[in-house]
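Letter by letter, the chains look like this.
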Amino acid sequence: MTLQSLDSFCSWLAATSVSQVIQTVGWVIPAVQTVHILAVAAVVTSALMIDLRLLGIRGTEQPIAAIARRFLPFIWWPLPILLATGAILIIAEPARALENPVFILKMGLLLAAAGITLACQIPLQRNPAFWEISAGRKRVARLIAVASMPLWVAIICAGRWIAYVQGT
Ligand code: HEM
């Protein structure tokens, strides 16, 4: 999509009645932002619990698979909520996000964070003891944890930063 057609798409979307309603009904944006942030809290605290266990700092009395089983749903289930609330915020002001390099960066970081979460989860589904079998695998699990938290924090920073960076 060229910049000009993205611009036309954003102008068209901003002029639709759905966008107009979101823009003019005063409580919609703050309510949607509140839900977005609550979902962020669920995702990031759950990722933190798993990362602390992978690092061997917390929850060591339970196997990694048990901690993952408990907290992974709180990473995956809020994501559709984030997607839906994010979409409402985009519909309200399309150019603010879609033409913003920080928003693109945030989506890239989100893909990376989802990928790293899957890299931890998929082996556990085949073998619940996967990350605890050898010193090498424990090291890889620790690397996953060390990469995961900065990614989630970077996504939060990028989310906040969208408001302060001009679109292209
Ligand atoms: C799933 C796809 C997601 C979409 C489409 C999305 C979209 C958005 C949009 C459009 C905004 C408004 C930015 C603005 O206009 O200032 C926003 C804000 C934000 N997002 Fe997301 N987001 C998503 C996921 C996430 C995730 C996974 C996180 C963090 C783990 C996150 C954290 C934030 C934060 C902290 C803000 C700032 C909220 C505020 O200042 O009130 N978002 N997001």
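Just above, that's the structure.
The residue numbers shown here count from 1 along each chain, following its written sequence. Side-chain atom pairs in this predicted model are given and counted only at pLDDT of 80 or more, local residue features only at pLDDT of at least 70, and totals for whole chains, interfaces and linings cover all residues. Side-chain metrics rest on all non-hydrogen atoms present in the structure, leaving aside hydrogens and water.

A. How the structure looks around the coordination of the iron atom of the ligand. For Na, K and Ca the donor cutoff is 3.2 Å, while for all other metals N, O and S atoms must lie within 2.8 Å; water is not among the atoms, so some sites may look incomplete. Only His36 (NE2) and Lys106 (NZ) from the protein coordinate the iron atom of the ligand, and they sit 1.7 to 2.1 Å from it. Working rule for geometry: tetrahedral if four donors all subtend angles between 85 and 135 degrees; square planar for four, octahedral for six, if opposite donors exceed 155 degrees and the others stay between 65 and 115; irregular in every other situation. One can describe the donor arrangement at the iron atom of the ligand as octahedral, given that its 6 donor atoms subtend angles of 86 to 177 degrees at the metal. Here the residue His36 occupies a position in helix H3 (residues 28-54), and Lys106 occupies one in helix H8 (residues 101-126), the gap between them amounting to 70 residues. A single burial state applies to His36 and to Lys106, both of which are buried. Comment: elements are numbered from the N terminus, with helices defined as DSSP H or I runs of at least four residues and strands as E runs of at least two. Here's how the labels work: a residue is buried when its accessible area is under 20% of the maximum for its type, exposed when over 50%, partly exposed in between, all with a 1.4 Å probe on protein chains only.

B. Inspection of the environment of Phe71 at higher detail. Position of Phe71 among the secondary structure elements: in helix H4 (residues 64-71). When the C-alpha atoms of Phe71 and Ser46 are compared, they prove to be 5.2 Å apart, with 25 residues separating the residues in sequence. Dropping the residues within four chain positions of it, Phe71 is found in contact with Ser46, Met49 and Ile50. Whether two residues are in contact is decided by their heavy atoms: any pair within 4.5 Å suffices.

C. Highlighting the pattern of salt bridges. Only one rule defines a salt bridge in this text: a Lys or Arg side-chain nitrogen within 4 Å of an Asp or Glu carboxyl oxygen. According to the stated counting rule, one finds 2 salt bridges in the structure shown. With a shortest N-O distance of 3.0 Å, Glu132 and Arg53 are connected by a salt bridge. Here Arg53 lies in helix H3 and Glu132 lies in the loop between H8 and helix H9 (135-161), a separation of 79 residues in the sequence. Accessibility expressed as a relative area gives 10% for Arg53, which makes it buried. Linking Arg96 and Glu93 is a salt bridge whose minimum nitrogen-to-oxygen distance equals 3.9 Å.

D. A look at empty space enclosed by the protein. Grid points spaced at 1 Å over the protein atoms alone were grouped into cavities, where a 1.4 Å probe fits but cannot get out, and pockets, open sets with protein on both sides within 12 Å along at least five of seven lines, with lining residues defined by an atom within 4 Å of a point. Grid points are joined across faces, edges and corners, and a volume is the space filled by probe spheres set on the points. Within the structure shown, the criterion is met by 1 cavity of 30 Å³ or more. Empty space within the largest cavity amounts to approximately 70 Å³. Considering the residues around the largest cavity, the lining is formed by Ala47, Ile50, Asp51, Leu72, Ile75, Ile116, Thr117, Cys120, Ile144, Ser148 and Trp152. Counting only elements with at least two residues in the lining of the largest cavity, the list comes to H3, H8 and H9.

So far we have only geometry, and geometry alone does not tell us how the molecule works.
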